[in-house]
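Listed below are the residues making up each chain.
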Amino acid sequence: MHARSLMPILWLLPFAALLSGCSVGGGGGVFGAHSPGSGGGYTLQDKIVSSGGGRYTQRIDSKPVNPPDVSRVPDAVPIPEPKSRGGNAPIYVVFGQTYRVMESSRGFTQTGIASWYGSKFHGHQTSNGEIYDMYAMTAAHTRLPLPTYVRVTNLDNNRQVIVRVNDRGPFVGNRVIDLSYAAAHRLDMLKTGTARVRIEAIDPVQWQAQNKRRSNPSPVMASTRQADNVFLQVAALGNAQAAQRLQQRVQDLTQAPVRVLQDSGSSSLYRVQVGPLQGASVQTAIQQLEATDLGRPILVRQ
């Protein structure tokens, strides 16, 4: 379960439709969300969200249909960021449970059960006001400041990913983190729906210092490779016309080149990306976009 646009107030049950639902497992059904005697196989949250006027077009979560190949989606790149304007209330309550958001993620580690969320929430707002992209390396956590970069290790196979936490949740059972579809794929946990993981917060300043040589190659190397190309993904939309309108809007806002990339498959997505950018122009474009209702873009390196 995830919270969308959490406010620093006590949530009442009629407003629970603003919270998202579940994790999915093999076969595309709801994984681990069925409780004994629940009737019909849905959680209370599923019934609330689907009982008319809900913000999601799907009643329960599911795997994407004809998804693109996400096996090579790169890790999120840790960069120093201020706390998001949304989603960082010091205390919030969901279904009677009180959660306290940490002041800092420095030194944070946690071991527990990870789940993942998919197409039901794709394209909707995350708790910090960004747009959830299930094909990006992101995650939801109940207490970490937004955003926080974390390394997640699947303890059953030692696979690792780095994700950017930009959402609240999960609020189901003993789950400690909800991962995007792409991150779950990289950790090889799509079939099981859940996995035992270790979470380690990353200090972006230290990370960048440790990876300086790789991130800043010599001028000779830089001239022979394209890894320096940085794009800022603003959104992934299912409608070509909407993507083109957003492309024009972003161009007007940033005065930077903006492209629309179409994913393959029958259920195509159109990714609106600013770039290529280099150096100070990256941070400038981020600040320009954050000053609008578009929220913070996702950093993509190619």
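Going by the structure above, here's the rest.
The text that follows walks through the structure, step by step, so that each part is easy to find.

**Some points on the overall build of the protein**
- The secondary structure content of the protein amounts to 7 helices and 12 strands.
- Sorting the 302 residues of the protein into buried and exposed places 52% on the buried side.
- Here the contacts in the protein between residues at least 6 apart in sequence split such that 75% fall between residues at least 24 apart.
- With the model as given, the accessible surface of the protein reaches about 14,200 Å², and the carbon-plus-sulfur share is 52%.

**Quick word on the layout of surface pockets**
- Each pocket or cavity is described by its volume, and for the largest pocket that value is around 590 Å³.
- Val73, Pro74, Tyr135, Gln233 and Val300 are, among the 33 residues lining the largest pocket, the residues nearest its centre.
- Listed by contribution, the elements that provide at least two residues to the lining of the largest pocket are strand S9 (230-237), strand S10 (258-262), strand S11 (270-277) and strand S12 (298-301).
- Across the lining of the largest pocket, the residue classes tally to 18 nonpolar, 5 polar and 10 charged.

**Observations concerning the packing of aromatic side chains**
- The full count for this structure, using the stated rule, is 6 aromatic pairs.
- When the ring of Tyr92 is compared with that of Tyr99, the centres are 5.2 Å apart and the planes differ by 20°; the resulting orientation is stacked. Take Tyr92 and Tyr99: they sit in the same class, and that class is buried.
- An aromatic cluster is present here, built from Tyr92, Tyr99 and Phe171 joined pairwise through their rings.
- In this structure, Arg259 is placed above the aromatic ring of Phe231, and the distance from its NZ or CZ to the ring centre is 3.6 Å.

**Observations concerning the environment of Met137**
- Mapped onto the elements, Met137 comes out in the loop between strand S3 (109-117) and strand S4 (138-140).
- Sequence separation between Met137 and Val165 is 28 residues, and the spatial gap between their C-alpha atoms is 8.8 Å.

The rules behind the values
- Residues numbered from 1 in each chain as written.
- Predicted model: local features only at pLDDT ≥ 70, side-chain atom pairs only at ≥ 80, totals over all residues.
- Heavy atoms only, no water.
- Helix = DSSP H or I, 4+ residues; strand = E, 2+ residues; numbered from the N terminus.
- Buried < 20%, exposed > 50% of the residue type's maximum accessible area, 1.4 Å probe, protein only.
- Contact = heavy atoms within 4.5 Å.
- Areas by Shrake-Rupley, 256 points an atom, 1.4 Å probe, with all protein chains shown as cover.
- 1 Å grid on protein atoms, 1.4 Å probe; cavity = no way out; pocket = protein on both sides within 12 Å on 5 of 7 lines; lining within 4 Å.
- Points joined across faces, edges and corners; volume = space filled by probe spheres on them.
- Nonpolar A, V, L, I, M, F, W, Y, C, P; charged D, E, K, R; others polar.
- Phe/Tyr/Trp six-rings, centres within 6.5 Å; stacked < 30°, edge-to-face > 60°.
- Lys NZ or Arg CZ within 6 Å of the ring centre and 35° of its normal.

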